[in-house]
Amino acid sequence: AEGLLKRWPQSLSEFARIFPVDLMKVATELMAAGKPSVFLPIDDYMPQMGSLPKTSTKKPSKSQKSALLNKPATPTSEVDIEDISSIFLKGSRPKKILEEELVQVVRGNRGFMTLDRAELPKRPEEERIEDFLEISAPKDEQTVRTQASRCMDCGTPFCHQSVTTKSGCPLGNLIPEWNQLVTQNRWHEAFKRLMKTNNFPEFTGRVCPAPCEGACVLAIIDDAVAIKSVELSIIDKAYEMGWMRPFPPQTRTGRKVAIVGSGPAGLAAADQLNKMGHSVTVYERADRIGGLMMYGVPNMKTDKVDVVQRRVEIMRQEGVNFVCGHAGNIGNHGDSLGMAPSAQQLQDDNDAVLLSVGATVGRDMQSVPGREFQGVHMAMDYLTLNTKALLDGGKVGKGWRQWWGTGNNDPTAPKPIDANGKVVVVIGGGDTGNDCIGTAVRHGAKRVINLELMPQSPEQRAGGNPWPHWPLIMRTDYGHQEAKLLNGDGDCREFSVSTKAFVGDENGNLTGIRLVSVRWDNVNGQMRMVEIPGSEKVIPADLVFLALGFTGPEHPLGEAFGVELDKVGNYRALYQNVEADFRTANPKVFAAGDCRRGQSLVVWAIREGRDAAAAVHRFITFGDTLSATAALAAEAQKPQFSSAL
């Protein structure tokens with residue numbers, strides 16, 4: 001062994017390589033057809049099919065061992081079996097097969113070897129930028145079933161378990177099970193499996209980045225199974241077939257819970273607690289229920305009427321109470337109009353209160369000179385006002401602009417921001433930045449530019465980003481595709497640039513941005529940004545949208561409920577996997593979602609809401625079995641680690 005290791009990788013040529021029978025069969029057929037063999041560099045070390053040599057049981061002599069160890073290295077290709085399988089098959093396999101072929105694939109569980117990946121189709125860019133309808137095109141059911149058949153049924157499916165906070169499905173979705181059921185055309189059973197773990201697959205199927213696919217075992221050597229596409233197809237078919245309908249609880253417990261905030265975390269908690277028989281009231285300060293899913297995600301990604309309001313209406317029919325607008329704006333003394341209950345009133349009238357208000361404080365650029373110029377906006381203000389104007393007008397199809405914002409009769413309400421005919425710069429990547437790009441293109445922007453402080457991500461996983469963690473790779477989303485129509489088919493993104501100042505005219509209007517190129521140097525194990533001398537430039541800009549993420553929840557609400565803050569400004573609640581988890585220092589008040597864990601994904605918010613509902617249920621059913629105050633004090637003595645993604 002020592003001799004082999006000293007001469008590695010030259011000694012690799014002394015090993016016999018064993019290949020799967022199916023792969024050898026395909027290789028043999030290709031060779032017989034006169035096509036180039038990918039095995040050619042290692043032919044001398046492969047046994048031929050049907051003529052495997054007999055293994056000798058005679059032990060080699062000392063002289064033979066010595067000769068083997070000192071044998072000159074033979075040139076060899078460092079091609080691994082994983083690479084061979086990708087070179088051999090990927091990109092040349094069908095993405096859809098007919099029923100007869102699908103039956104054979106299912107019988108042999110060979111879909112992952114014989115089929116290529118295909119996601120749900122999108123409408124052409126030229127068509128979809130004319131409206132705010134969902135970007136997805138009609139689904140082909142046979143293609144979805146074909147894609148589901150690529151699931152390997154692996155012994156340890158990493159897709160449906162969150163091994164770390166950076167891998168797998170936080171909800172524990174039973175992905176291999178419903179993949180198999182969809183392949184077998186057993187859609188109703190697949191729907192029931194899906195709803196066991198996910199309250200809102202109609203949300204996650206549209207907006208989740210799919211960490212399950214990043215952790216797919218097949219993704220080690222091939223494209224991952226199109227899990228997100230299958231999930232969305234299941235829930236959409238459930239609505240189409242009438243399976244997704246109200247199921248009110250048979251009995252009520254007599255206990256009451258108030259939930260502040262109607263985003264994915266609040267709605268998931270409300271759905272769970274209502275199913276347990278508790279009476280739940282959800283308070284939302286906006287004029288419509290849905291939180292992030294209503295106003296943070298644009299309509300072309302998730303339709304507000306046909307998806308969000310439809311799901312909320314099912315919950316309403318199941319018995320959940322919703323209070324919106326001024327009456328739902330909870331605070332220390334209620335809303336400024338005096339219509340909402342105060343924090344104290346809410347505690348007095350309920351057995352428990354859950355705060356799920358999200359991380360709504362956007363990261364700003366107040367220290368950058370010129371931030372005060374007219375035309376610099378927070379990204380979420382742009383998206384929220386646009387969606388509200390669309391919903392108030394009642395039209396999201398091609399004629400949307402004619403009715404845009406016409407249904408709002410409040411003269412004090414802020415007007416939507418129109419990017420028509422303007423040069424738009426979006427600072428910051430991620431989903432919010434991409435959504436701003438797509439919205440600006442639909443408004444008729446003259447040009448859209450996306451600035452990113454960090455360098456461009458690699459095309460494939462870097463060494464420090466191993467499977468099954470989420471792959472940090474270069475991606476092109478729907479907004480980037482659409483912006484090419486304005487930029488001469490060029491990418492709208494510019495990487496490794498820092499904003500030095502916003503430039504304006506004498507009237508206080510934005511006219512441009514002063515930028516400098518940067519590089520990232522590794523200094524003592526830490527990445528340090530260094531400006532590149534002589535790289536400063538000014539680019540024109542009429543509108544700038546800041547999509548820099550979020551710093552945490554709004555603090556006045558937490559103060560009104562007597563909730564403490566953690567070191568990064570989130571509502572402080574337990575993370576100990578004990579009964580008092582999600583409890584704040586106020587014994588009747590719980591916290592869940594982004595306001596507790598920090599900015600994260602919709603799928604994590606749903607997980608938080610489900611777990612918080614279980615904690616609230618234990619508290620109001622069995623009482624205070626563990627003091628939250630004492631547990632928080634004990635937690636403070638332990639080393640602190642960030643739990644946010």
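Conventions and cut-offs
- Residues numbered from 1 in each chain as written.
- Predicted model: local features only at pLDDT ≥ 70, side-chain atom pairs only at ≥ 80, totals over all residues.
- Heavy atoms only, no water.
- Helix = DSSP H or I, 4+ residues; strand = E, 2+ residues; numbered from the N terminus.
- Buried < 20%, exposed > 50% of the residue type's maximum accessible area, 1.4 Å probe, protein only.
- Contact = heavy atoms within 4.5 Å.
- Areas by Shrake-Rupley, 256 points an atom, 1.4 Å probe, with all protein chains shown as cover.
- Core = buried A, V, L, I, M, F, W, Y, C linked by side-chain atoms within 4.5 Å.
- pLDDT = per-residue confidence, 0-100.
- Axes fitted to C-alpha atoms, helices over the stretch in contact; angles between N-to-C directions.
- Parallel < 35°, antiparallel > 145°, perpendicular 65-115°, else oblique.
- Left-handed = near helix turned anticlockwise from the far one by under 90°.
- Pairing = 2+ DSSP bridges.
- Phe/Tyr/Trp six-rings, centres within 6.5 Å; stacked < 30°, edge-to-face > 60°.
- Expected span 1.5 Å × (residues − 1).

A. Up close: the overall build of the protein chain. Each helix and strand counted, the protein chain has 25 helices and 16 strands in total. Across the 645 residues that make up the protein chain, the buried fraction comes to 47%. Relative to all contacts within the protein chain whose residues are 6 or more apart in sequence, the contacts with residues 24 or more apart total 69%. Put simply, the protein chain shows about 31,400 Å² of open surface, and 53% of that area lies on carbon and sulfur atoms.

B. Up close: the nonpolar core. Core analysis: the largest hydrophobic core is formed by 72 residues, its most contacted members being Trp178, Ile234 and Ile259. Here the element with the most residues in this core is helix 24 (residues 602-622); it accounts for ten residues. Ranked by size, the runner-up nonpolar core spans 20 residues in total, among them Val426, Ala440, Val448 and Phe545.

C. Geometry of the confidence of the model for the protein chain. Averaged over all residues, the pLDDT of the protein chain is 88; the fraction at 70 or higher stands at 87%. Per-residue pLDDT stays below 50 along residues 42-57; that stretch engages in 18 contacts with residues further than four places along the chain or on separate chains.

D. Inspection of the packing of helix 14 (residues 264-275) against helix 24 at higher detail. Across the interface, helix 14 lies against helix 24 with an axial gap of 7 Å and an inter-helix angle of 40°. Regarding the angle of helix 14 to helix 24, the classification is oblique. Seen along the crossing, helix 14 lies across helix 24 with a hand that is right-handed. Contact residues: helix 14 offers Pro264, Ala265, Ala268, Ala269, Gln272 and Leu273, while helix 24 offers Val602, Ala605, Ile606, Gly609, Arg610, Ala613, Val616 and His617.

E. Quick look at the pairing of strand 1 (residues 256-260). Where burial is concerned, most of strand 1 is hidden: four out of the five residues are buried. Here five bridges tie strand 1 to strand 2 (residues 279-283), and the two strands are oriented parallel to one another. Bridging from a neighbouring strand, Val260 pairs with Tyr283 of strand 2.

F. Quick look at the packing of aromatic side chains. Inspection of every chain in the model, using the stated rule, returns seven aromatic pairs. Between the aromatic rings of Tyr382 and Phe545, the centroid separation amounts to 3.9 Å while the plane-to-plane angle is 10°, which identifies the pairing as stacked. Here the residue Tyr382 occupies a position in helix 18 (residues 379-393), and Phe545 occupies one in strand 14 (residues 543-546), the gap between them amounting to 163 residues. Take Phe545: its relative accessible area is 0%, and that puts it in the buried class. Taken together, the aromatic side chains of Phe132, Trp400 and Trp404 make up a single cluster linked through ring pairs.

G. Summary view of helix 13 (residues 227-241). Under the 1.5 Å per step criterion, the end-to-end length of helix 13 is 21 Å for 15 residues, consistent within 8% with the ideal 21 Å. Buried within helix 13 we find Ile227, Ser229, Val230, Glu231, Leu232, Ser233, Ile234, Ile235, Asp236, Lys237, Ala238 and Tyr239. For helix 13, the elements touching its buried residues are helix 8 (141-148), helix 9 (175-183), helix 10 (187-197), helix 11 (201-207), helix 12 (211-214) and helix 16 (304-317). One or two positions beyond helix 13, positive phi appears at Gly242, with a value near 85°.

H. Representation of the pairing of strand 12 (residues 526-531). Pairing analysis gives six bridges linking strand 11 (residues 510-523) to strand 12, with the strands arranged antiparallel. Within the sheet, the bridge partner assigned to Asp521 lies in strand 12 and is Arg528. Between the end of strand 11 and the start of strand 12, which pair antiparallel, lie two residues, with Asn524 showing a positive phi angle near 55°.

I. Broad picture of unusual backbone geometry. Put simply, Trp467 and Pro468 share a cis peptide bond, and its omega is 10°. For Pro468, the location among the structural elements is in the loop between strand 8 (447-452) and helix 21 (478-483). Phi is positive for Ser496, close to 55°, though the residue is something other than glycine. With respect to the element layout, Ser496 can be found in the loop between strand 9 (493-495) and strand 10 (497-504). Residue Ser496 is classed as buried on the basis of its relative accessible area, which comes to 15%. Even without a glycine there, the phi angle at Asn524 is positive, about 55°. With respect to the helices and strands, the residue Asn524 is situated in the loop between strand 11 and strand 12. The exposure class assigned to Asn524 is exposed, which follows from its relative accessible area of 80%.

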